Structure formats: structure tokens, C-alpha cells
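Chain residues, written in single-letter form:
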Amino acid sequence: MTTKPAAAAARATVYGYPRQGQSRELKKAIEGYWKGRITADALHATAADLRRTNWQQLAEAGIDEVPTGDFSYYDHVLDTTVMVGAIPARHREAVDADPLGGYFAMARGTQDVAPLEMTKWFDTNYHYLVPELGPDTVFAADAAKQVAELKEALTLGLTARPVLVGPVTYLLLAKPAPGAPSDFEPLTLLDRLLPVYAEVLADLRAAGAEWVQLDEPALVQDRTPAELNAVTRAYRDLGALTDRPKLLVASYFDRLGEALPVLAKAPVEGLALDFTEAASANLDDLAAVGGLPGKRLVAGVVNGRNIWANDLARSLSTLGTLLGLADRVDVAASCSLLHVPLDATAERDIEPQILRWLAFARQKTREVVTLAKGLAQGTDTITAELAANRADLASRAGSRITHDPAVRSRAAAVTDADARRSQPYAERCAAQRAHLRLPLLPTTTIGSFPQTGELRAARADLRAGRIDTVGYEERIKAEIEEVITFQEKTGLDVLVHGEAERNDMVQYFAEQLTGYLATQHGWVQSYGTRYVRPPILAGDISRPEPMTVRWTTYAQSLTDRPVKGMLTGPVTMLAWSFVRDDQPLADTARQVALALRDEVNDLEADGTSVIQVDEPALRETLPLRAADRAEYLDWATEAFRLTTSGVRPDTQIHTHMCYAEFGDIVQAIDDLDADVISLEAARSHMQVARELAAHNYPREAGPGVYDIHSPRVPSPEEVADLLRTGLQAIPAERLWVNPDCGLKTRAWPETRASLENLVAAARTVRAELSAS
């Protein structure tokens, strides 16, 4: 069907772009700065080069309006904290003395000062630094970063739009500062914050900004009438400013819902909405409020969170409908492209036909440009692109990769009994204690130990053919022996093999499961300088052979203490992969769970008595709208139980979660029916322990006492104090002692010292309990 050109030319834009560079130049520069290898000036120069390269790539692809301000050395929410002057008192001296060093101190902490808390950005695997605000917080505008980056883009002759975290979302993401009343609501600071945003907007206008984007993704969540009133007030006041750019309020990740009529009426010039399948209700909701007469609509029709090629014909149909609902319709990805890798063409190991199914950031910008052209000039101008897209979509739909009858038959045969342990926890617990004979407050780690330069070099040598498999495996064995020896000497009770052979907790398994694709260069930022390569769930999943049994069994042969088998759970395998979009997530989760169930059973058969199945992404993947959560939690918890329920009662099943808000999923944590759960708790001062206690959680738990996302070494006294706090909520016979998360990203010196202090603290508190 031929589509006529739109009345006004549609523009192509994106909300943000990957920051790291083609070869993760930003990561290398920042870590070089931390280690004193390069100066701050050299770091700034690298960052400026990366920003310039990104903008030029976008412009050359045909993007009409490039984003600025989305670039960050660590996190864009932390950048907003700096922009509004909300520096915690404990960091103020460091920031005043050295702004860049103080910035990183807020992110990572120092030996003497704790960092800001870190948690997940909505339902993504990106982590942000949580603002700390209190009744005495004084805001002060500092738009230097935002103005400087805008001017850089304008100097290149580009049309640029600064992107800021919106004031309502910023406050909704914040938490009460230490010492603030526990019932303090950061949103009450809105009237104090708005003048600061007004000043920033004026500075950007003076620097040449025609439009400024204010991101308000928090508005796609369920919001109270009071919160919606705050939205009304915020954009009434900002819209009334005379010295400001035009305002584009952006939402993404879900439908805007009850906030849509509020923003539709607000005195702002434009709205940006997500129109992908996850937020398809936005189309009907927009029509129901009468559209956006007199406003600009930026339509996010290209999925900014997944890597599958867009269905161009379907997106054009959506765009055509939207033309009748706003004065001007522009085309964009649904959210920042921060959440996808940079360029699919860099992948040399993926079959060329399959590669055509994929779209990373550069390919998505081309899709946006193609759609804008088709909308503005008519589909006759993009006939070749549409034909090629149809062929690629048909190739994927008909591929044998995506359909394995044996896998589907096995998944269809699953019964309720398959997802239930043979005995209730109370009976299992007695059997496990008799079998394992662990002391009070047993100590363990989460799984991984430092991935040294030598280990990474060994993997590189194997890939390059400089060593053979035998030589590589000898290096892995030596590393495992060192890790076991250290844990025994330190006095840990339940050991791990350290995961020396694993490149990543998801990728390692994905590379051994059918139906997955692995990338070589598909890096995506998780937090700070931590980048991951999410594998691609392309087809039906099965496990051809054991994946971890050999190394776990070898580690167990070196010690009489129990060694945990370590697996990544089915929900996390989905959450930290790019999932297929051609079947329900629940179906994919069941397939992965069955593959992992085989691995759990093989570990047990080979003598492993403690098996940990990590699900750090269970909370992360929780739908943003409460109405959608029950269905998700039903299949997510079933998938975990399906993975773990085939073992004997005396086999102890652990799970682990980290860096998320757990209070609203405590019932789901209970429903997992794991014998022991370890959780992040150090930065939040044991909040999760109190949440478990409030729920009367009946099983064993290890709220973390050592924050592994900071290089600082906690003292024995600090760890002991956290343990005592944990004991106020969890009985000693059910309390474990462990770090917040795995130790892969830490260096050996700090790891040794921290774990020695952890064990010393556990012994101190054990002695106190014995004496009481």
C-alpha cells in the first residue's frame, strides 16, 4: 500500500546513545584515571572525542536532532544530582576540593566515606545512583555540564536537544537522606527544586537550545493523585516561564496512563511517548484525550531496549494513525539507545542471514530515519527498505532456530508437581542441618572471585590460539585451587569455586545452550565502567551437556567443606539477555528452567550438596504497573521452582538477589521456596532484613554485610554492627553472613581483607550470642 507524504516533514531523533565508544574507550579512560595512569584533562579529552563521534554518526545516519547531556562518566541520575546541587554532606568536602574526584566518590565511595546507594533504573539492568534528600536539602543550579555539551554539538553545526531527568522523576527516584525522618517524602521538595530547573532551562536557552527534553519515565508507573497533582504543578510552573526553551516531556518503558491527560493539558510544547508493543495502549489513550492539538509528538516506534529488527510496515501504520492526533509527528526510538549495543555489523561470528534480524544502536538510528522519510515523503520513497525488511522478518519467522519440537513438547508436559519440592521447608531444613553441620551464622560468598588480568589474558590467549584447551584448563584449575585454599585459610564455612572459567554469569551459560546467540562486541553499560554483553535469545532452548559439573566437582575434591554449585536462574537468564519477541516470556522462561533443571540434577548426582541458583533480576523485571505483576510473578517463581525442585530434601538450595527494592516482592521471594536467600543490604543498612521480618519470612537469609560495588574495605566492627542489626530482624539460627554480591569486579587485596574482616566479625558475634 502506498502512503501519502505527511503534511509536515517528520524529523528523526533519538533520546540518547551508547556512551562507551566502539572499543569501550570511555571505560578504559575512566579506569585509567582512577588508577592514576591518565590525568583528568586526558579523561575529559577522551570523553569529548566520544561525544563528537556519536553526534557525527547520528547526523551522518540522517538524525535531524541529536541529544546532548545524555553522556555521563558514571550515571545520568548522578549527573542530575550534581546539576541541582544535592550533594550529600559527607561528600561535600571532596566535591568542593576536586569536582571530578568527588563525583566518583559519590558513585564508588572511598575508604572513609560510603557511596550513594545504587539500584536498578526501572525494569532495566542499568543501575543509577539514588539521590539522598532531606527536609534540610538546599538545591543550587549548576548547568555547566549540560551547557558545555550543548555548545559542543552546536559548534559542529548540529541541531541539538539537551536531555535532562525531569524534576518529578528525580524526586520520585530519591530516598530520605541518612538522619531524615523515615516518613519524609522527597516529592515535598518540588517547590524548592523547580526554581533550580528554571535556572538550568534559562542557561540552556541562553546557550542556544531551542528545545529541551525532560525525561519523566516515573510517570508510567502507578501514581497517586498527590503525585499527579505534583506533575500538574511542576509543568504549570515550568511552562509559565518566559525565559526558557520549548519543552518536550518524555516517557518510556510503558504506557503513560493516568499521567497522559495531565501532560496533554500542560503548557509544554511537546510530548514523547512509547508506541512499541509494551506501551501500545498509549495509542488508544492518546486518542481518548483528543490527541495533542498544537503540540509536537515524538513517537517512539522503534524498540530502544531490544535488538530485533523493526517491523517497518507496522510502525508506519502506527505513525499514520498518529498523524491525526498531533500538529507534528516526529519519529524516534522508544527510549535511549543506551540499553542496546553500538553496532551489529561488528559481529563477525553471527551468520549473515541471522545478523539481518538484528538492529543495534546504529541500525536503529537507520530504522528511525527510514520511518521518518516514509512518513514525510511517502512509502514510495522507501520501497527497497520495506521489501528487504519483509524478507528479513519472514526469514526469522520460518527459521529452524526458532522452533524445536522436542523442546516445545517437553515444556508442554510440565505439571504443577514438577515445580514443587518433595518435602516442606521445615522437614528439609532439619535434613540439611544434619547433613551439612554448619555453625551458627555460617559464612559464605555469593559465588565469583576476582577476575584477574591473568584470567582475562588466558581467555584471550585461548581465543587467539596462543594456548590450547589443555593449557587453558590448567590455568583455570590453578585459579580454583588458589580460591579454595584462600577460603579454607580465611575460615569460610561454605565455599565456592570462584567461577574462574566464566566470562559472565549469563553469557557463560548462553554459550552452552542451544537457541542462544553470543556477541563479541555487544557491550551494554550496567553501571559505571561495568559493561556486559547480553546474549541473544533467538530460539528454543535446550542443554546439550553439563555446563558446570566438572569444575564444581574438581573444587569439591580439594576440600572437605561444602562447595556450592553456582547457576544463573531462568528469570535472570531472560532479563540479562535480549529476549525473543515472538512468543510470551513465560514460555521462554519455562524452556530455560527445564535446561537448568537438568544441570541442577546433575550437580546433585555428582555429590554437590549446596546449589545456588541466582535470581538478581527477579525484582528488576517486575512490570512497572501493579496490574501486570501477578501474572509475571506467577510464571517467574514457577520457573525458579521448576529449576530447583527435582533435588533431594537434604540438598540445600540457595538463591541470590541484589541492587533492587525488595519490599514489594517479599511474597514472591517466599514463593521461590529456596532454603537460603542472600540479598544486597549493606548500602541500605539492612532494610531488606526488616522487610523479611515484617513478612514473617520463614527460611534462612543472608542480608549482605560487605558492599562489593565499592573498593573500600569494611572493618570487622562495621560488619559486626551490620550483623547485630540483622539479628534484630532475623533469628541467629536462620542468619547467614555474606557479601552483597559476587566479587568478580574487585581486586584481590581488598577481597582478601574484606572477607577476613567478614569472618572475624561473624566469629565475634557468634561469641556474643554464646555468652548471652
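Residue numbers here run from 1 along each chain, matching the order of that chain's written sequence. This being a predicted model, a pLDDT of at least 70 is required before a residue's local features are given, and a value of 80 or more before pairs of side-chain atoms are given or counted; all residues contribute to the totals for chains, interfaces and linings. Just so you know, side-chain values use all the structure's heavy atoms and leave hydrogens and water out.

Student: Tell me what's going on with the overall build of the chain, and back it up with residues and numbers.
Tutor: Under the scheme used here, helices are H or I runs from DSSP no shorter than 4 residues and strands are E runs no shorter than 2 residues, and both carry numbers assigned from the N terminus. When helices and strands are counted, the chain shows 28 helices and 21 strands. Structurally, the chain occupies a C-alpha span of about 75 × 60 × 50 Å along its principal axes. Whether two residues are in contact is decided by their heavy atoms: any pair within 4.5 Å suffices. In the chain, of all internal contacts separated by at least 6 residues, the share reaching a separation of at least 24 is 80%. Computed with the Shrake-Rupley method and a 1.4 Å probe, the accessible areas treat only the protein chains shown as cover for residues. Just so you have it, the chain exposes about 28400 Å², and 51% of that area is on carbon and sulfur atoms. We count Lys and Arg on the positive side and Asp and Glu on the negative side, and we leave His and both chain ends out. Note on charges: their place is set at NZ of Lys, CZ of Arg, CG of Asp or CD of Glu. Across the chain, the mean location of the 81 positive side-chain charges is 2 Å away from that of the 106 negative side-chain charges.

Student: With reference to specific residues and values, describe the nonpolar core.
Tutor: One recurring pattern in soluble globular proteins is that nonpolar side chains are buried together. Counting residues in each nonpolar core, the largest one holds 123 residues, and the members touching the most others are Tyr170, Tyr235, Leu319 and Leu322. It is helix 8 (residues 190-207) that contributes the most residues to this core, 9 residues altogether. Aside from chain neighbours lying at most four places away, what touches Tyr170 is Val77, Thr80, Thr81, Val84, Ala86, Pro131, Leu133, Val165, Leu193 and Tyr197. Residues enter a nonpolar core if they are buried and are Ala, Val, Leu, Ile, Met, Phe, Trp, Tyr or Cys, with the set joined through side-chain atoms within 4.5 Å. Only protein chains enter the accessibility calculation, which uses a 1.4 Å probe; a residue is then buried when its area is under 20% of its type maximum, exposed when over 50%, and partly exposed in between.

Student: Go over the environment of Leu594, please, and point to the residues and values.
Tutor: Relative to the assigned elements, Leu594 resides in helix 23 (residues 585-605). Leu594 sits in the buried class, given a relative accessible area of 7%. Residue contacts for Leu594: discarding those within four places in its chain leaves Arg410, Ala411, Val414 and Leu642.

Student: So what about helix 12 (residues 312-322)? Which residues, and what values?
Tutor: Every buried residue of helix 12 is accounted for by Leu312, Ser315, Leu316, Thr318, Leu319 and Leu322. The buried residues of helix 12 occupy one face: seen down the axis, they fall within an arc of 160°. Each element contacted by the buried residues of helix 12 is listed here: helix 11 (281-288), strand 11 (292-302), strand 12 (326-333), helix 14 (361-377) and helix 15 (383-397). Arc definition: it is the arc formed by the directions from the helix axis to the C-beta atoms.

Student: Could you give an account of the sheet that holds strand 9 (residues 246-250), with specific residues and numbers?
Tutor: Within a sheet, adjacent strands bond to each other through the backbone by hydrogen bonds, running parallel or antiparallel. With respect to topology, 8 strands assemble into an open sheet ordered 1-12-11-10-9-8-6-2, the strand pairing being parallel. Two strands in the sheet have a free side with no partner beyond their single neighbour: strand 1 (12-13) and strand 2 (66-68). Strand direction decides the pairing type here: strand 11 and strand 12, joined by 7 bridges, are parallel. From the neighbouring strand, Leu292 faces strand 12, where its bridge partner is Ala326. DSSP-based pairing: two strands are paired if at least 2 bridges between them are found.

Student: Describe a negative patch on the surface, listing the residues and the values that go with them.
Tutor: A grouping of Asp628, Glu631, Asp634 and Asp671 is seen on the molecular surface, where their side chains present a negatively charged patch. Relative to the helices and strands, Asp671 is located in helix 25 (residues 666-671). Only residues whose relative accessible area exceeds 30% and that form no salt bridge enter a patch; like-charged residues are grouped when within 9 Å of one another, and nonpolar side chains (Val, Leu, Ile, Met, Phe, Trp, Tyr) when within 5 Å. Note on definitions: salt bridges are taken to be side-chain nitrogens of Lys or Arg within 4 Å of carboxyl oxygens of Asp or Glu.

Student: So what's going on with the packing of aromatic side chains? Residues and values would help.
Tutor: Pairing of aromatic rings covers Phe, Tyr and Trp, the last through its six-membered ring, and needs centres within 6.5 Å; plane angles under 30 degrees mean stacked, over 60 mean edge-to-face, and all others mean tilted. Applying the stated criterion across every chain, the model contains 16 aromatic pairs. Aromatic pair Trp121 and Phe122: ring centres 4.8 Å apart, planes at 80°, arrangement edge-to-face. As far as burial versus exposure is concerned, Trp121 and Phe122 are alike and both buried. Where Tyr252 meets Phe253, the ring centres are 4.8 Å apart and the plane angle is 85°; that geometry is what we call edge-to-face. Exposure remark for Tyr252: the relative accessible area of 4% places this residue in the buried category. Given the relative accessible area of 5%, Phe253 is considered buried. Joined through ring pairs, the aromatic side chains of Tyr33, Trp34, Phe71, Tyr73, Tyr74, Tyr103 and Phe104 make up one cluster. Of note, Lys477 hangs over the ring of Tyr554, and the distance from its end group to the ring centre comes to 5.6 Å. Two thresholds decide whether a charge sits over a ring: the Lys NZ or Arg CZ must be within 6 Å of the ring centre and within 35 degrees of the ring normal.

Student: Give me the packing of helix 27 (residues 716-727) against helix 28 (residues 748-771): which residues, what numbers.
Tutor: Running from N to C, helix 27 and helix 28 cross one another at 50°; their axes reach a closest spacing of 8 Å. In terms of orientation, helix 27 lies oblique with respect to helix 28. Judged by the sense of rotation from one axis to the other, the crossing of helix 27 with helix 28 is right-handed. Where helix 27 approaches helix 28, its residues Pro716, Val719, Ala720, Leu723, Arg724 and Leu727 are matched on the opposing element by Asn757, Leu758, Ala760, Ala761, Ala762, Thr764, Val765, Glu768 and Leu769. Inter-axis angles, ranging from 0 to 180 degrees, are taken between N-to-C directions of lines fitted to C-alpha atoms, where helices are fitted over the stretch in contact. Angle categories: roughly parallel below 35 degrees, roughly antiparallel above 145, roughly perpendicular from 65 to 115, and oblique for all the rest. If you view the pair so one helix is near and one far, a crossing is left-handed when the near helix is turned anticlockwise from the far one by less than a right angle, and right-handed when it is turned clockwise.

Student: Outline the pairing of strand 12, listing residues and values.
Tutor: Most of strand 12 sits out of view: 6 of its 8 residues are buried. As paired elements, strand 1 and strand 12 share 2 bridges and run parallel to each other. Along strand 12, the bridge assignment pairs Thr13 with Ala332. We call a crossover right-handed when, viewed with the strands running away from us, the connection from the first strand over the helix to the second turns clockwise. Tracing the backbone out of strand 11, into helix 12 and back to the parallel element strand 12 gives a crossover that is right-handed.

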